[in-house]
Amino acid sequence: MADINGFLKIKRKEAGNRPLNERIQDFSEVEQVLNSEDRMLQASRCMDCGIPFCHWGCPVDNLIPEWNDLLYKGDWRGAYLRLAATNNFPEYTGRICPAPCEHACVLNINQEPVTIRENEVAIVEKAFSEGYIKPEPPEIRTGKKVAVIGSGPAGMAAADLLNKNGHLVTLFEKDEKAGGLLRFGIPDFKLSKAIIDRRLNLMTEEGILIKTGITAGKDISGKELLNQFDAICITIGAGHPRSLPVAGSEFDGIHFAMDFLTAQNKVNAGQLTAADNHINAGGKKVLVIGGGDTGSDCVGTAIRQKALSVTQIEILPKPPEKRTPDNPWPYWGKILKTTTSHEEGCERFWNISTLRFVGDGKITRGTEVEDVIWESENGKFIMKPVPGTKRVIECDMVLLALGFVHPVLDGLLTELGVELDYRKNVSVNNSMTTNIPKVFAAGDTISGASLVVNAIASGRKVARQIDRFLKTT
Ligand SMILES: Cc1cc2nc3c(=O)[nH]c(=O)nc-3n(C[C@H](O)[C@H](O)[C@H](O)COP(=O)(O)OP(=O)(O)OC[C@H]3O[C@@H](n4cnc5c(N)ncnc54)[C@H](O)[C@@H]3O)c2cc1C
Ligand code: SF4
């Protein structure tokens, strides 16, 4: 165990963020880094509870009390090895995981959980800087070939483990660079793309063949994949965005969040010039529709592009500031989340329904909205408009951040005839196999839009199943 009285002596201390006025001038990561001594003290707060609820809360089953103990004792290498045993990419989750582990940490009963996520990223960054992480290609190759389709965190995790098991892995990616939503969705101010490149370089040096700019189902058909590989793993994400079918939704000036975020990420990467980025919020009054994480990323990006104003609306009620009795610890706390982007200057409203966009081929005046209330009827929440509350929110740019409904069905999935579930996600059995022999699937493709840590967990699970399958064929 770390220090038995650690949590009584040491207060939770977060690394904190770069000063607001400085960080909104660039797209560099917002979060700062704590020095090693303070980080070890933070690890000392872990009580190594008899039942580690944090471990239960972590989708990749990170051995949190074990690596906190090693970190507290200054054994950074040992801590890294324990961390790497369950998580292929702690450098991603340590930066952008919403940390369900901290919601479940026993110290969260007093709202002072261990800084688990920050400890995680500190351990892996030390491992990179001290050179503990080196390419480790497998010593023996099985000769079996696996195609992983889609290079987001699910595909990367599956490819990484299958390669470590000695199989020859080709990772296909339709975009010009690998990384999935880590690269083109999530803004640089949350996750620097150098972090993804560092990992991809390592994976390449370990023997994974990464083929970018290739759309499976178009540039290489499903039939060719089936002929050329012993197993196929589909990790194409859930890229079909939810639309907002109200009058004027076809107007110029209304964009899907992903188009907006991708364009800025490409500008940052030098793949697009700022002048050629036509989805720019500079000088505009921006309305973000959708109160989730993607919406928050739009807020931070619009602010950095020097929007005149940013407003974010959400159709659901405002979450409570504290847990309610029906949402106790150690469950995920359904409470109001204020991100660093919100702090940077955005007005937020809840219980608002969008009625129509006002303009003439182009959004000019704004967006007509109305207040709603949610009433429980026969166990279901029903949305009801509040009479007399119709009004126009002034804006000349709208970003639709309403989430994703399911994977893109055209192309590979349709060609292979992969069976879907009732939500149109790919359906798999307990072995992560689809209805097509030797075709497996994982990540957002089977769960619908979720989290990076869930995608990694799913990629790890499918890799174990594919490995088992290849050993028996
Ligand atoms: C804006 C935004 C912000 C987010 N922020 C967070 C966050 O802060 N924390 C968090 O935990 N989660 C976050 N998420 C969710 C997280 O990014 C996803 O849950 C996760 O990336 C899903 O991983 P995946 O590997 O299943 O799919 P994806 O990351 O979507 O990767 C799928 C890949 O498949 C490729 N592909 C698709 N079709 C083909 C084809 N036919 N051939 C070849 N390649 C193909 C795609 O180009 C893509 O690269 C965010 C999501 C968005 C959109
Ligand atoms: S991956 Fe996420 S849930 Fe797991 S330990 Fe890290 S921050 Fe916590």
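Quick summary incoming for the structure in this document.

Thresholds applied
- Residues numbered from 1 in each chain as written.
- Chains lettered and ligands numbered in written order.
- Predicted model: local features only at pLDDT ≥ 70, side-chain atom pairs only at ≥ 80, totals over all residues.
- Heavy atoms only, no water.
- Helix = DSSP H or I, 4+ residues; strand = E, 2+ residues; numbered from the N terminus.
- Rg over C-alpha atoms; globule rule 2.2 N^0.38 Å.
- Buried < 20%, exposed > 50% of the residue type's maximum accessible area, 1.4 Å probe, protein only.
- Contact = heavy atoms within 4.5 Å.
- Pairing = 2+ DSSP bridges.
- Near = heavy atom within 4 Å.
- Polar contact = N/O pair within 3.5 Å; in protein donor to acceptor, adjacent residues only side chain to side chain.
- Areas by Shrake-Rupley, 256 points an atom, 1.4 Å probe, with all protein chains shown as cover.
- Core = buried A, V, L, I, M, F, W, Y, C linked by side-chain atoms within 4.5 Å.
- Axes fitted to C-alpha atoms, helices over the stretch in contact; angles between N-to-C directions.
- Patch = residues over 30% accessible without salt bridge, like charges linked within 9 Å, V, L, I, M, F, W, Y side chains within 5 Å.
- Salt bridge = Lys/Arg side-chain N within 4 Å of Asp/Glu carboxyl O.
- Disulfide = S-S within 2.5 Å.
- Phe/Tyr/Trp six-rings, centres within 6.5 Å; stacked < 30°, edge-to-face > 60°.
- Lys NZ or Arg CZ within 6 Å of the ring centre and 35° of its normal.

**Quick look at the overall build of the protein**
The number of helices and strands found in the protein is 19 helices and 16 strands. Rg of the C-alpha trace for the protein: 23 Å, near the compact-globule value of 23 Å for 473 residues, within the 12% margin. Along the first, second and third principal axes, the C-alpha atoms of the protein reach 70 × 60 × 55 Å. The buried share of the protein, reckoned over its 473 residues, is 51%. Contacts spanning at least 24 positions in sequence make up 69% of the contacts within the protein whose residues lie at least 6 apart.

**Re the pairing of strand β14 (residues 397-400)**
Burial along β14 is two-sided: M397 and L399 facing one way and V398 and L400 facing the other are all buried. Strand direction decides the pairing type here: strand β6 (residues 254-256) and β14, joined by 3 bridges, are parallel. Bridged to H255 within β14 is L399. Here strand β7 (residues 285-289) runs beside β14; their pairing, made up of 4 bridges, is parallel. Note on β14: the bridge partner recorded for V288 is L399.

**Regarding the site of ligand 1**
Near ligand 1 you find 34 residues, and of these I96, E173, K190, D444 and V452 are the closest. The separation between an oxygen atom of ligand 1 and a polar main-chain atom of P153 is 3.3 Å. K190 places a polar side-chain atom, nitrogen or oxygen, 2.8 Å from an oxygen atom of ligand 1. Relative to its unbound accessible surface of 1,000 Å², ligand 1 loses 93% to contact with the protein. Counting only elements with at least two residues in the shell around ligand 1, the list comes to α10 (153-164), β2 (168-173), α14 (257-268), α15 (293-304) and α19 (452-471).

**What about the environment of G239?**
One can find G239 in the loop between β4 (231-234) and β5 (240-241). It is 38 Å that separates the C-alpha atoms of G239 and W76, two residues lying 163 residues apart in sequence.

**A few points about the nonpolar core**
Membership of the largest hydrophobic core comes to 82 residues, with the highest contact counts inside it found for Y92, L225, I234 and I466. Ranked by residues supplied to this core, first place goes to α19 with 8 residues. Not counting residues up to four positions away in its chain, the partners in contact with L225 are A147, I149, F172, A216, I220, I232 and L412. Within the second largest apolar cluster, 18 residues are counted, among which are V286, V299, I303 and C346.

**So, the pairing of strand β11 (residues 363-377)**
Where strand β10 (residues 352-359) lies against β11, 7 bridges are found, and the strand directions are antiparallel. By the bridge assignment for β11, S353 is matched with E370. Two strands pair when backbone bridges link them, and β11 and strand β12 (residues 380-385) are joined in this way by 6 bridges, in the antiparallel orientation. Paired with W374 across the two strands is M383, which belongs to β12. The loop that links β11 with its antiparallel partner β12 comprises 2 residues; one of these, N378, has a positive phi angle of about 50 degrees.

**Observations concerning the sheet that holds β6**
Spatially, 5 strands are ordered β6-β14-β7-β8-β9 in an open sheet, and the strand pairing comes out parallel. With one partner strand each, in any of the chains shown, β6 and β9 (347-349) form the two edges of the open sheet. Taken pair by pair, the neighbouring strands of this sheet meet at an average axis angle of 20 degrees, ignoring direction. Those strands touched by α14 are β6 and β14, and its axis lies near 80 degrees from that of β6. With respect to the sheet, α15 is in contact with β7, β8 (309-313) and β14, its orientation differing from that of β8 by roughly 175 degrees.

**A short note on a nonpolar patch on the surface**
A cluster of nonpolar side chains, namely I315, L316 and M383, defines an oily patch on the protein surface of about 220 Å² accessible area. With respect to the helices and strands, M383 occurs in strand β12. Judged by relative accessible area, M383 falls into the partly exposed class, the value being 32%.

**Remarks on the state of the cysteines**
By definition, a disulfide links the sulfur atoms of two cysteine residues through a covalent bond. Applying the stated rule across the entire model yields 0 disulfides. Here C46 stays unpaired: no disulfide links it, and the sulfur of C54, its closest cysteine neighbor, is 6.0 Å away.

**Some words on the packing of aromatic side chains**
This model, assessed by the stated rule, comprises 6 aromatic pairs. Look at F27 and F189: their rings are 6.5 Å apart centre to centre, the planes differ by 35 degrees, and that puts the pair in the tilted class. Of the two residues, F27 is situated in the loop between α2 (20-23) and α3 (36-43) and F189 in the loop between α11 (181-184) and α12 (193-205); the sequence distance between them amounts to 162 residues. Across the pair, exposure class does not vary: F27 and F189 are buried alike. Between the NZ or CZ atom of K145 and the centre of the ring of F229, over which it lies, the distance is 5.9 Å. Note that R304 overlies the ring of F189, its terminal NZ or CZ placed 4.0 Å from the centroid.

**A few points about the sheet that holds strand β16 (residues 439-441)**
The strands that make up a sheet are held in pairs by hydrogen bonds between backbone atoms, and each pair lies either parallel or antiparallel. The strand order β3-β2-β1-β4-β16 describes an open sheet built from 5 strands, whose pairing is parallel. What marks the edges here is a single partner per strand, and that holds for β3 (209-212) and β16. Ignoring which end each strand starts from, the neighbouring axes of this sheet average 20 degrees apart. Alignment of strand β1 (residues 145-149) against β2, held across 5 bridges, turns out to be parallel. Across the sheet, residue K145 finds its bridge partner in β2, namely L168. Against the sheet, α10 touches β1, β2 and β4, its axis set at about 165 degrees to β2.

**Details of unusual backbone geometry**
The omega angle of the peptide bond from W329 to P330 is 5 degrees, so this bond is cis rather than trans. By secondary structure assignment, the location of P330 is in the loop between β8 and α16 (340-343). A positive phi angle, close to 75 degrees, is found at K424, a residue other than glycine. Note that K424 resides in the loop between α17 (412-416) and β16. By relative accessible area, K424 is classed as partly exposed at 43%. A positive phi angle, near 60 degrees, is found at K438, a position not held by glycine. Take K438: it is sitting in the loop between α17 and β16.

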